[in-house]
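These are the residues of each chain, in order.
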Amino acid sequence: MLDNLPRGTITIEEIEMGMVRHLRKTVTDEDIEMFAQVSTDRNPVHLDDDYARDTIFEGRIAHGMLTAGLISAVIGEQLPGHGTVYMGQSLKFLGPVRPGDTVLAEVEVIGIDYAKRRVQLETRCLVDGKKVLIGEATVLAPTGKFD
């Protein structure tokens, strides 16, 4: 994984509109197999080359929620980071992620309620510059007041 900034915490007091953080990850066969194991989603479109060739995707694809998990990684590790609590997430899948694809997962601050410590985030994943997932997240950001 290639993060654009170190992992840690950005408190609600430090968050600003327009802040962006991201990571890049190349999705491997092993990632897909591990996700299938953990999630118990063993749909053959993810695991069986012969089966997947005959689908609309014409080949194996990663689980959509594996891709969405990269958004969670940016939120939980970078923006806001450690101590963040997910409150909600909308997702729209626009295209497949295939084994070997490098996913750019990005999170951008689009709204802040300092009094309630709530942050609205635009979330997106891209492969070769093309959006494959978009959405919005609402999170409860950590505060420095209790440190």
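The structure presented is a predicted model; accordingly, all values stated were derived computationally and were not measured.

*Asks:* Would you explain the overall build of the chain in this entry?
*Replies:* Secondary structure summary: the chain contains four helices and six strands in total. Secondary structure elements of the chain, listed N to C terminal, follow the sequence β-β-α-α-α-α-β-β-β-β. For the chain, the spread of C-alpha atoms along the three principal axes comes to 55 × 25 × 25 Å. Counting all 147 residues of the chain, 41% fall into the buried class. Partitioning the contacts of the chain with sequence separation of at least 6, the portion at a separation of at least 24 is 65%. Within the structure as shown, the chain displays about 8,000 Å² of accessible surface, and the carbon and sulfur contribution to it stands at 51%. The distance from the centre of the 16 positive side-chain charges to the centre of the 23 negative ones in the chain is 5 Å.

*Asks:* Looking at this model, I keep getting lost on the pattern of salt bridges. Mind explaining?
*Replies:* Close approach of charged atoms allows side chains of opposite charge to pair. With the rule as written, the count across this model stands at seven salt bridges. When the shortest N-O distance is used, the salt bridge between D29 and R60 registers 2.3 Å. Placement of D29 in helix α1 (residues 29–39) and of R60 in the loop between α3 (49–53) and α4 (64–77) is noted, with a sequence separation of 31 residues between them. Residue classification places D29 among the partly exposed positions, given a relative accessible area of 38%.

*Asks:* Would you mind showing me how to read the nonpolar core here?
*Replies:* Nonpolar side chains in soluble globular proteins tend to be buried together. Formed by 30 residues in total, the largest nonpolar core has its most connected members in V119 and L121. Going through the elements one at a time, α4, β4 (102–113), β5 (118–127) and β6 (130–140) are the ones with two or more residues in this core. In terms of residues, this core owes the most to one element, α4, which gives seven residues. What V119 contacts, discounting residues up to four positions off in sequence, is I12, I15, V109, G111, A137, T138, V139 and A141.

*Asks:* Would you take a moment to explain the UniProt feature "domain: MaoC-like" (unreviewed entry) in the chain for this structure?
*Replies:* Mapped onto the present numbering, the UniProt feature "domain: MaoC-like" (unreviewed entry) falls on residues 15–124. Counting secondary structure, residues 15–124 comes out at 31% helix and 32% strand; the distance between its end C-alpha atoms is 19 Å.

*Asks:* Teacher, can you tell me more about the pairing of β4 here?
*Replies:* Along any regular strand the residues' side chains alternate between the sheet's two faces. By the bridge criterion, seven bridges tie strand β2 (residues 20–26) to β4 in an arrangement that is antiparallel. Paired with K25 across the bridge in β4 is V103. As defined by bridge partners, β4 adjoins β5 across ten bridges and the pair is classed as antiparallel. Across the sheet, E106 pairs through a bridge with R124, a residue of β5. Hairpin geometry of β4 and β5 is characterised by an intervening segment of four residues between the two adjacent antiparallel strands and by a positive phi of about 65° at R117.

Calculation rules
Residues numbered from 1 in each chain as written. Predicted model: local features only at pLDDT ≥ 70, side-chain atom pairs only at ≥ 80, totals over all residues. Heavy atoms only, no water. Helix = DSSP H or I, 4+ residues; strand = E, 2+ residues; numbered from the N terminus. Buried < 20%, exposed > 50% of the residue type's maximum accessible area, 1.4 Å probe, protein only. Contact = heavy atoms within 4.5 Å. Areas by Shrake-Rupley, 256 points an atom, 1.4 Å probe, with all protein chains shown as cover. Lys, Arg positive; Asp, Glu negative; His and termini not counted. Charge placed at Lys NZ, Arg CZ, Asp CG, Glu CD. Salt bridge = Lys/Arg side-chain N within 4 Å of Asp/Glu carboxyl O. Core = buried A, V, L, I, M, F, W, Y, C linked by side-chain atoms within 4.5 Å. UniProt positions renumbered as here; feature names shortened; annotations may be inferred. Pairing = 2+ DSSP bridges.

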